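# Tertiary structure, described
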Amino acid sequence: MGWEQPLQSAGCPSPCPSVLHRITRILRLTQFIALLLVLGMGGVLYGFFVEFEKASRWVEHTHELIDEIEQVRLNALRAGTWLRSYGVYPSAGYLERVRSSAATSVQAAHRVRELTLDSRPEQARAQAVLAALSQVLDIYLASADIAQQLGPSALKEMTAAQVSRDITKELRVQLDELEAIERDLLKARSATEQQRLAGFKQVLALAGVLFTLAMLWSIRYSGQILRLSEKQVIQLQTNATRDPLTGLLNRRGLEEFLAGPTDELSKGGGERVAVLAFDLDDFKPVNDRFSHAAGDQVLMEIARRLQEQCRSDDAVARVGGDEFVVVLRRVGSRHEAISIAKRIRSRITQPISLAAAEVRVDASIGISMLHEDESDVGALLKAADKHMYLAKRAGKGQVRTGDPAVA
């Protein structure tokens, strides 16, 4: 029987790992879904922020371009205003302001051209602005030079001719068209970004809903699995401690039965605890001759007979293929234990009817007494096992105990 090694765990019954595996699968699936959602949302957020950064740079670029257009317009108009002011109030400072405004306007026009290099239509419009500006400023600067040399009277005639011709009309038209183009582009880009933002909000909301649904499903399904009924829990515990073929205690069940303090195994009143270790004789030929199914029938019948011969508070266990253990909690003496063992053996040896034949098996039995042979439960089981092997070597159908005088 091998009590020299610790009793092997009977393991968790089949429903137990099944439940754990299902819970594990749910947790892993939930984690996988959460990971996908996080990665997906991370990718969407990254893409959104990249596009947002691009859009921000483009909007900043467009506003800068519009500002430069305004600088071209404003300083060109200022140059004309300072020139006319000189005609009314001659002052060298006005002519310097004409030249300064003209230079600032030219710088702004060149900046406009640089800012439109990435767009051919806008670049062509910027070139037209620069050409129209050059024509206007050439006239203003030439007028300023003439006025400085000939005086304000000469400037009045030139100013009157400029007003009648409206020399800034073409420049104003080009500036207005270029600014309108930029503002339309800015408006279109703003509308695009609003749509992208709305789409991102929808994706974010959908991801939140999916994540919430996944979590709710996981919680609900896990709860259903964990909410086993009391009957199922009891069944799991029973399956963990019972031999599936005979319904007797298995090794784990026997361990649990013997796990309490040794004094509690006996009811007291001078009664003793005896351990009977059984090993069936002539069982292997049943399997060899009639099949393992027939052998299973024999084992089930032996289990039934053992239970029949024992009391309700005794323990009957199947601890191996054809190995059994009976723990008698209330025996008056070693003699009584031997008497019970012989009675059980006598019942075991009676014929067992199978479908194809009638068979007989016998049993070799070893007996050990708590506190008389051993005080430790593990040692007590080993002692019974040792006596059983001695009985088996002595011949079939033997009963052996630690005291040969009473065997």
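Data block above holds the structure.
Just so it is clear, the structure is predicted and the values come from calculations on it, not from any experiment. (Residues numbered from 1 in each chain as written. Predicted model: local features only at pLDDT ≥ 70, side-chain atom pairs only at ≥ 80, totals over all residues. Heavy atoms only, no water.)

Quick look at the pairing of strand E2 (residues 315-318) now. Alternating residues of E2 divide into Ala-315 and Ala-317 and Val-316 and Arg-318, and every residue in both groups is buried. One ladder, built from 4 bridges, connects E2 with strand E3 (residues 323-331); its direction is antiparallel. Bridge pairing in E3 places Ala-317 opposite Val-325. Linking E2 back to E3 in an antiparallel pair, the connection comprises 4 residues. (Buried < 20%, exposed > 50% of the residue type's maximum accessible area, 1.4 Å probe, protein only. Helix = DSSP H or I, 4+ residues; strand = E, 2+ residues; numbered from the N terminus. Pairing = 2+ DSSP bridges.)

Attention now moves to the packing of helix H9 (residues 292-309) against helix H10 (residues 334-348). Closest axis-to-axis distance for the H9/H10 pair is 10 Å, and the angle between their directions is 145°. Note that H9 runs across H10; the crossing there is right-handed. For the pair formed by H9 and H10, the contact residues are Ile-302, Arg-304, Arg-305, Leu-306, Glu-308 and Gln-309 on the first element and Arg-343, Ile-344, Arg-347 and Ile-348 on the second. Of the residues that constitute the contact of H9 with H10, the class distribution is 4 nonpolar, 1 polar and 5 charged. (Axes fitted to C-alpha atoms, helices over the stretch in contact; angles between N-to-C directions. Left-handed = near helix turned anticlockwise from the far one by under 90°. Contact = heavy atoms within 4.5 Å. Nonpolar A, V, L, I, M, F, W, Y, C, P; charged D, E, K, R; others polar.)

This paragraph deals with the sheet that holds strand E7 (residues 399-401). Either a parallel or an antiparallel arrangement is found when strands of a sheet pair, and the pairing is made through backbone hydrogen bonds. Taken in spatial order, the 5 strands of this open sheet run E2-E3-E1-E6-E7, and their pairing is mixed. Edge positions in the sheet fall to E2 and E7, since each has one partner strand and no second. The mean inter-strand angle of the sheet, taken between neighbouring strand axes irrespective of direction, is 20°. In the sheet, strand E1 (residues 272-281) pairs with strand E6 (residues 362-369) via 8 bridges, with the strands oriented antiparallel. Along E6, the bridge assignment pairs Asp-281 with Asp-362. Strands E1, E2 and E3 of the sheet are contacted by H9, whose axis makes an angle of about 5° with E3. Where helix H11 (residues 377-394) meets the sheet, it contacts E1, E3, E6 and E7, and its direction lies at approximately 140° from that of E6.

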